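Coordinate analysis (summary)
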Amino acid sequence: MQNSVKIKIRNLYFYYRTRAILKNITIDIHENSITSITGPSGQGKSSFLTILNRLCHSMEGARVEGQVTIDFGKGFEDIFQKDYALPELRKRVGMVFQTPNPLPMSIYKNVAFPLKLAGHKKQDSIRKKVKRSLEHAFLWDEVKDRLSDDARLLSGGQQQRLCLARSLVLDPQVLLLDEPTSSLDETSVQVIEELLARLKNKCTIIMVSHYMDQVKRIADQQFVLRDRQLKSV
Ligand SMILES: Nc1ncnc2c1ncn2[C@@H]1O[C@H](COP(=O)(O)OP(=O)(O)OP(=O)(O)O)[C@@H](O)[C@H]1O
Ligand SMILES: [Mg+2]
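Residues numbered from 1 in each chain as written. Chains lettered and ligands numbered in written order. Predicted model: local features only at pLDDT ≥ 70, side-chain atom pairs only at ≥ 80, totals over all residues. Heavy atoms only, no water.

**Some words on the sheet that holds strand S2 (residues 19-30)**
Reading across from one edge, S2-S1-S4-S5 is the order of the four strands in this open sheet, with antiparallel pairing throughout. Where the open sheet ends on each side, the last strands, each with one partner, are S2 and strand S5 (76-78). Sheet twist, expressed as the mean angle between neighbouring strand axes with direction ignored, is 10 degrees. As paired elements, strand S4 (residues 62-71) and S5 share three bridges and run antiparallel to each other. In the strand pairing of S5, Ile70 is matched with Glu77. Across the sheet, helix H1 (residues 45-52) touches strand S1 (5-16), S2 and S4, and the angle it forms with S1 is around 120 degrees. (Pairing = 2+ DSSP bridges. Helix = DSSP H or I, 4+ residues; strand = E, 2+ residues; numbered from the N terminus. Axes fitted to C-alpha atoms, helices over the stretch in contact; angles between N-to-C directions. Contact = heavy atoms within 4.5 Å.)

**Observations regarding the site of ligand 1**
Looking at ligand 1, there are 14 residues lining it, with Ser41, Gly42, Lys45, Ser46 and Ser47 nearest. Within the side chain of Tyr16, an N or O atom sits 3.1 Å from a nitrogen atom of ligand 1. Notes on ligand 1: free accessible area 640 Å², of which the protein chains cover 65%. Listing elements by their share of the shell around ligand 1, those giving two or more residues are S2 and H1. Broken down by element, the shell around ligand 1 gets its largest block of residues, three residues, from H1. Along the lines of polarity and charge, the residues of the shell around ligand 1 split into three nonpolar, eight polar and three charged. (Near = heavy atom within 4 Å. Polar contact = N/O pair within 3.5 Å; in protein donor to acceptor, adjacent residues only side chain to side chain. Areas by Shrake-Rupley, 256 points an atom, 1.4 Å probe, with all protein chains shown as cover. Nonpolar A, V, L, I, M, F, W, Y, C, P; charged D, E, K, R; others polar.)

**What to know about helix H4 (residues 123-136)**
In this model, H4 (14 residues) spans 20 Å end to end at C-alpha, consistent with the 20 Å of a helix rising 1.5 Å per residue. When we look at burial in H4, the residues that qualify are Ile126, Val130, Ser133 and Leu134. Across the axial projection of H4, the buried residues extend over an arc of 100 degrees, all falling on one side. In the stretch just after H4, Phe138 is the one whose phi turns positive, near 55 degrees. (Expected span 1.5 Å × (residues − 1). Buried < 20%, exposed > 50% of the residue type's maximum accessible area, 1.4 Å probe, protein only. Arc of directions from axis to C-beta.)

**A short note on the packing of aromatic side chains**
Tallying each qualifying case throughout the model produces two aromatic pairs. Their ring planes at 10 degrees and their centres at 6.5 Å tell us that Tyr13 and Tyr15 sit as a pair that is stacked. A relative accessible area of 24% places Tyr13 in the partly exposed class. Taking relative accessible area as the criterion, Tyr15 reaches 14% and is therefore assigned buried. Taking the centre distance of 5.0 Å and the plane angle of 75 degrees together, the rings of Phe14 and Tyr16 count as edge-to-face. Classification of Phe14 by relative accessible area gives buried; the value is 0%. Above the plane of the ring of Phe76 lies Lys8, whose end atom (NZ or CZ) is 4.3 Å from the centre. For Arg92, the ring lying beneath its charged end belongs to Phe72, and the centroid distance is 4.7 Å. (Phe/Tyr/Trp six-rings, centres within 6.5 Å; stacked < 30°, edge-to-face > 60°. Lys NZ or Arg CZ within 6 Å of the ring centre and 35° of its normal.)

**Examining the sheet that holds strand S3 (residues 34-38)**
Strand order in the open sheet made by the six strands is S6-S7-S8-S3-S9-S10, with mixed pairing throughout. Of all strands in the sheet, those with a lone pairing partner are strand S6 (93-96) and strand S10 (229-232), marking the two edges. Taking each pair of neighbouring strands and ignoring which way they run, the sheet shows an average axis angle of 20 degrees. Bridging between S3 and strand S8 (residues 204-208) involves four bridges; their strand directions are parallel. Pairing of Ser36 across the sheet is with Met207, part of S8. Contacting S6 and strand S7 (174-178), helix H6 (residues 156-168) runs over the sheet at an angle of about 175 degrees to S6.

Set out below in structure tokens:
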């Protein structure tokens with residue numbers, strides 16, 4: 001039996017200026033599951049993710065039509081509402097980008113940053129959450145002795161795991177992952193896949209991936225994006 005629906009996408013169109021990227025997409029995404037999106041380069045996979053936390057709304061020339069509603073526990077909410085609280089939405093819908101984007105600050109401060117933004121003040125609790133998130137992202141052992149180093153000194157794969165830790169620190173209900181293992185070695189890929197398989201017990205994961213083997217291993221629901229359409233596989 002399938003889990004309950006978490007995200008309803010109805011008649012979704014997405015444009016950059018006059019160019020249509022996505023056309024009439026209607027799908028449901030189920031809670032506590034991993035949904036994968038594959039498809040050729042340049043088709044709009046990353047753009048699709050940015051619709052679900054409304055990041056696309058701040059991109060010049062981007063335009064969305066249709067409806068996206070998410071059930072955060074109190075019934076389905078229309079996230080395109082004009083006055084929808086974006087900080088609240090982005091706390092609940094975390095995102096890790098295709099290219100790691102550490103902030104120009106220390107490793108510790110990068111992971112603590114969302115907590116600070118959300119108004120957390122207790123240093124003890126912040127420290128615990130930072131440690132837990134770094135452990136979840138399998139980075140803690142590698143950075144525990146250099147937490148005050150600039151995060152930009154980390155390797156590409158470490159930066160990717162740092163960004164994952166930063167998005168986990170607020171316990172998001174939905175996690176958008178854009179090619180989360182693209183710059184990781186084989187062992188790290190395996191640990192991240194195990195992490196995702198465990199994480200889905202408490203969150204709904206939507207993952208863009210180019211690796212069909214990976215998708216087959218961990219996705220519960222598979223879509224391919226082609227000709228502006230998301231097709232179920
Ligand atoms: N900010 C933007 N303004 C205008 N066009 C954009 C913008 N961002 C992306 N595009 C265009 O939208 C299309 C879809 O891009 P997107 O990055 O979503 O593709 P993708 O499927 O994620 O590709 P890849 O697999 O290479 O990451 C591309 O043609 C891209 O050039
Ligand atoms: Mg992309």
